[in-house]
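Spelled out, the chains give:
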Amino acid sequence: MIRKNTTPLSYALLASSVSLALCSPAYANTKTDSGLTNHDVEVIEVHGATSLQTGSDAAPIFGSVQSLSQEEIEASVSRSLPELLKSQLASVNLNDAQNNPFQPDLQYRGFTASPLLGLPQGISVYMNGGRINEAFGDTVNWDLMPLDAIDTVSLYSGSNPLFGQNTLGGALALNTKTGFSFDANEVDATVGQYGQSALSIESGGNNGNWGYYINANHYEEDGWRDYSPSEVNQVFSAVSYQDSKRRIDFNYLYADSELLGNGASPIELLEIEGREAVYTHPDQTNNELHHFSLSGDLQLSDNHLLSFNAFYRDNETTSINGDDSDFGACQFSDGRITLCELEDDDDDDDDFDNGDDEDDDELATVGDDVDAVAFIGYDEDTALSDISDVSPDEIDGTYNTGLSSSEAFGVSSQLASNYELLGKPSVLVIGATYNKGDINYSADTTFGILENDTASDSRTVIPLQGLQSAEARVRLDVDTTAWSLLFVNTTQLTDKVSLNIGGRFNRDHVLMEDLSEDGDDSLDGDHRFTQFNPAIGLDISLSETSQLNLAFSQSSRTPSPAELSCADEDDPCRLPNGFVADPPLDQVVTQTIEANYAATFNNIDMMLNVYRSESEDDIIFQQAGSVASRGYFINIDATRRQGVEFSISSFWKKLNYRFNYNYLDATFESSFTSFSPFNPLGANRQVEAGDTIPGQPKHNIKFYLDYAFSQETTLGAEVISASSQYFRGDEANENNTLDSYVVTNLYLNHQFNHTFSAQLRVNNVFDKDYETFGTYGEADEVLEDIYLDVESPLFVGPAQPRMVSLNVKAKF
């Protein structure tokens, strides 16, 4: 019969460094149509390669996989899933652009999964077989993933088409706990510096056929940076049934969060006010999620296994962003004073007078080159002086708000069947998926006062009621439909070689309706995309203790609704708060070739991976205004990510160690002009083929040590190092880079008895100052009246200082 096998040698070799195992329907010892009896047919294994075949007992057929078990997840005592992945998995790096543990940009092999619009998303994420990339921008909200309720984490490499859209560099698959995987009661409490506190209560159990699991989490912190408190609440529950022929799980997740991550700050501001200083604020995101899923396996016969998943996801995201202003004083021909948008020219002489210079004799006049702001609720030619006593010279901030209500529904199923192909035992998996999304998006910009008169002011934006920009208002309805057909076939060619062939056909439809404007300037759009993506892999058993995997895979992603609505260089938008009518973008297609070698020698486990991913029509965000979120999306012809991963682990007496190294060469492979208005060398930089993609360290090293003083007490250390990286906005690689860093974390575990345990953890034990993110901006627009010497365009995301936390668990 078709079954799961969890002990194949080739991946078990890597258990201590990159826990690998196989999830596979096996070819059964049963009678076949050819007349073979059960002892005549060889048992083969099909590696789990789709979103419905994932977990700690899963491995791919088109690349490699890194997995973390329930025990490894619990032992890490991480605040969020990205922190866990960075500390434990090879080739994973974080850009702390927002300085919030739940809002980092996660990078894997040069591809990104992030909660922030404006980044090219290249990693698909699944929970219990259901896709959880958000429908609007393919973004990933890490705060909506209950870390304490996760049973296994698996990170799949390559452009595996069987994981569907957005799997350009890899796929992240999360399987949650059930009453069969967690049969206990546990209370988990954490306290730490900077107001950090967390409480998790979970309970699970089963009677052999029926199981239940429930988990409730609360996390809050003041944040180590100014004005950066966050709170996350999650409740996850599961009801499960299983017997010898079926497994069915029903899950419900509720999450409610309030995240403040105030982004990069001018490097000179951090030197003056300290590394906790923020530039402007607030920058707040609230998520409220209801997620339902039903999944399972049905054994139809000895040779046929049916797997299925259905999910419904309802997420409401509200955002508030306080920025400095692109607007200044101007006047109508009759002398009435109003607001106009500043020019974005590089030549200061072309910009109109904003009234700040006492030597200026007159304001610019509204005309062909200067457009007056139209205020919501008033006629288009209404002047600011007609509706408010506030002088336009005082209006130096914008208060941008957004609301995205997103509903997503999806179903997927696949059938695995045993058969013979030219006399060779084989397994064929065929499947289909259907996903539907409905998004209502609204955004507004309110003019405000930026509190920055003195150094002691908070630099927060206070909105002025009734002064909203008509041009910035967005009311958009989006319907997305995606369906696909997939197959994968594994044939055991010899005792040592198996061939894997697969493919997926995708059809996507994005229908956008502008609810606030008609005509050429509306956001209306009707976009259709089709693509077939193939894959082929070869598994070769070199010996009893080593294996080689060779693979070619191709995947694609369609432009998201957010990207399709913001793709005109002549009319840049402000993310995530505004979009404009734009030309369509092409879908991205990525091809990956990869070779993976795994071996064990005595008590040493070793892994070596070599890969190259090449993307056509990659989508990037071009910054085009005084704030980093103002710009537009474009296709560029080609990009490349290639590299090497090496891992080794072993033990000696009471000492365990593990070493990971990865080299990443991420480059643009076609020329284009990077607008980059605040590049130190000036705007419009020429990017050439071979230039490095910013924000990507070439070298990452992770070294782990565990020493057992006794059966109850263990001391551990993590040393994580990343090389230098270019600032975003320096796509042409012409300026200085962000410095490399080495950070050390220590932890002490003690098991008091069967019930109680504790971990004392010190992150960044040497309190090292370093940055994980860099970009360019115009700091003097906000700080010039406070700090006269602030001139540098360098903005950085400072990493957290030394942080001490204590975790206590009671399990019974």
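Residues numbered from 1 in each chain as written. Predicted model: local features only at pLDDT ≥ 70, side-chain atom pairs only at ≥ 80, totals over all residues. Heavy atoms only, no water.

With respect to the overall build of the protein
Item 1. Along its length, the protein carries eight helices and 39 strands.
Item 2. Every one of the 812 residues in the protein was classed for burial, and the buried ones make up 59%.
Item 3. Considering only contacts in the protein between residues 6 or more positions apart, those separated by 24 or more positions represent 68%.
Item 4. Put simply, the protein shows about 31300 Å² of open surface, and 51% of that area lies on carbon and sulfur atoms. (Helix = DSSP H or I, 4+ residues; strand = E, 2+ residues; numbered from the N terminus. Buried < 20%, exposed > 50% of the residue type's maximum accessible area, 1.4 Å probe, protein only. Contact = heavy atoms within 4.5 Å. Areas by Shrake-Rupley, 256 points an atom, 1.4 Å probe, with all protein chains shown as cover.)

So, the sheet that holds strand β7 (residues 150–157)
Item 1. As summarised here, the arrangement of the five strands in space is β1-β7-β8-β5-β6, forming an open sheet in which the pairing is mixed. Only two strands of the sheet have a single partner each, and these edge strands are β1 (65–68) and β6 (130–131).
Item 2. With five bridges connecting them, strand β5 (residues 123–127) and strand β8 (residues 170–176) associate as parallel partners. The partner of S124 across the bridge, within β8, is A171.
Item 3. Helix-sheet contacts for helix α4 (residues 81–88) involve β1, β7 and β8, and the interaxial angle to β8 is about 120°. (Pairing = 2+ DSSP bridges. Axes fitted to C-alpha atoms, helices over the stretch in contact; angles between N-to-C directions.)

Description of the environment of E341
Item 1. Looking at the element boundaries, E341 is found in strand β18 (residues 337–341).
Item 2. E341 sits in the partly exposed class, given a relative accessible area of 22%.
Item 3. Considering only alpha carbons, one finds E341 and C330, eleven residues apart in sequence, at a separation of 9.1 Å.

Some remarks on the nonpolar core
Item 1. Counting residues in hydrophobic clusters, the biggest one holds 54 residues, and the most contacted among them are L81, V153 and L172.
Item 2. Residues in contact with L172, not counting those within four places in the same chain, are L81, L85, I123, S124, V125, Y126, W142, V153, S154 and L155.
Item 3. Residues A277, Y399, L738 and Y776 belong to the second largest nonpolar core, which totals 22 residues. (Core = buried A, V, L, I, M, F, W, Y, C linked by side-chain atoms within 4.5 Å.)

A short note on unusual backbone geometry
Item 1. Cis rather than trans, the peptide bond between H281 and P282 has omega equal to 10°.
Item 2. In this structure, N128 takes a positive phi of about 55° despite not being glycine.
Item 3. With respect to the element layout, N128 can be found in the loop between β5 and β6.
Item 4. Residue classification places N128 among the buried residues on the basis of a relative accessible area of 12%.
Item 5. Even without glycine at this site, S676 takes up a positive phi of about 40°.

Here we look at α4
Item 1. Across the eight residues that make up α4, a large majority, seven, are buried.
Item 2. Listing the buried residues of α4 in full gives L81, P82, L84, L85, K86, S87 and Q88.

A look at the state of the cysteines
Item 1. Per the counting criterion, the structure on display carries one disulfide.
Item 2. Put simply, C330 and C340 are joined by a disulfide, and their sulfur atoms are 2.0 Å apart. For the disulfide bridge between C330 and C340, the dihedral angle about the S-S bond is near 75°, and by the sign convention the bridge is right-handed. Taken together, the residues span a long stretch of sequence, with C330 in strand β17 (residues 327–331) and C340 in strand β18 at a distance of ten residues.
Item 3. Taking relative accessible area as the criterion, C330 reaches 0% and is therefore assigned buried. (Disulfide = S-S within 2.5 Å.)

Examining the confidence of the model for the protein
Detailed conclusions should not be drawn from predicted coordinates in areas where pLDDT is low.
Item 1. Of the residues in the protein, 87% have a pLDDT of 70 or more, and the chain-wide mean is 86.
Item 2. Contacts for the low-pLDDT stretch residues 577–582, under 50 throughout, to residues beyond four places or in other chains number 38 contacts. (pLDDT = per-residue confidence, 0-100.)

Notes on the packing of aromatic side chains
Here a ring pair, both rings aromatic, is described through the centre-centre distance and the interplanar angle of the planes.
Item 1. The full count for this structure, using the stated rule, is 19 aromatic pairs.
Item 2. With a centroid separation of 4.9 Å and 45° between ring planes, the pair formed by Y156 and F163 is classed as tilted. The pair Y156 / F163 is uniform in exposure class, with both members buried.
Item 3. Consider the rings of W483 and F505, whose centres lie 5.8 Å apart with planes at 55°: the pair is tilted. Here the residue W483 occupies a position in strand β22 (residues 474–492), and F505 occupies one in strand β23 (residues 497–514), the gap between them amounting to 22 residues.
Item 4. Judged by relative accessible area, F505 falls into the partly exposed class, the value being 30%.
Item 5. Among the aromatic residues, those joined into a cluster by ring pairs are Y126, Y156 and F163. (Phe/Tyr/Trp six-rings, centres within 6.5 Å; stacked < 30°, edge-to-face > 60°.)

Observations regarding the pattern of salt bridges
Item 1. According to the stated counting rule, one finds 29 salt bridges in the structure shown.
Item 2. D105 serves as the salt-bridge partner of R728, at 2.9 Å between the closest nitrogen and oxygen. Linking R728 in the loop between β34 (713–722) and β35 (741–751) with D105 in strand β3 (residues 105–108), this pair joins segments that are 623 residues apart in sequence.
Item 3. With its nearest N and O atoms 2.9 Å apart, the salt bridge here joins R109 to E594. Separated by 485 residues along the polypeptide, R109 in the loop between β3 and β4 (111–113) and E594 in strand β27 (residues 588–601) bring together distant segments of the chain.
Item 4. Taking the relative accessible area as the measure of exposure, R109 reaches 3% and is therefore buried.
Item 5. One network of salt bridges, with partners in common, ties together R612, E614, R640 and E669. (Salt bridge = Lys/Arg side-chain N within 4 Å of Asp/Glu carboxyl O.)

Thoughts on the environment of Q165
Item 1. Residue position: Q165 is located in the loop between β7 and β8.
Item 2. Take Q165: its relative accessible area is 13%, and that puts it in the buried class.
Item 3. Separated by 366 residues in the primary sequence, Q165 and Q531 place their C-alpha atoms 10.0 Å from one another.
Item 4. Every residue in contact with Q165, bar those within four places of it in the chain, is listed here: S124, R131, N506, D508, S556, R557 and T558.

Remarks on the sheet that holds β3
Item 1. Within the open sheet, the three strands sit side by side as β2-β3-β4. Their pairing is antiparallel. Because the sheet does not close on itself, it has two edges, and the strands there are β2 (92–95) and β4. Looking at each pair of strands side by side, their axes are set apart by 30° on average, direction ignored.
Item 2. Note that β2 and β3 share four bridges and pair antiparallel. Among the inter-strand pairings, N95 is bridged to a residue of β3, identified as D105.
Item 3. Those strands touched by α4 are β2 and β3, and its axis lies near 135° from that of β2.

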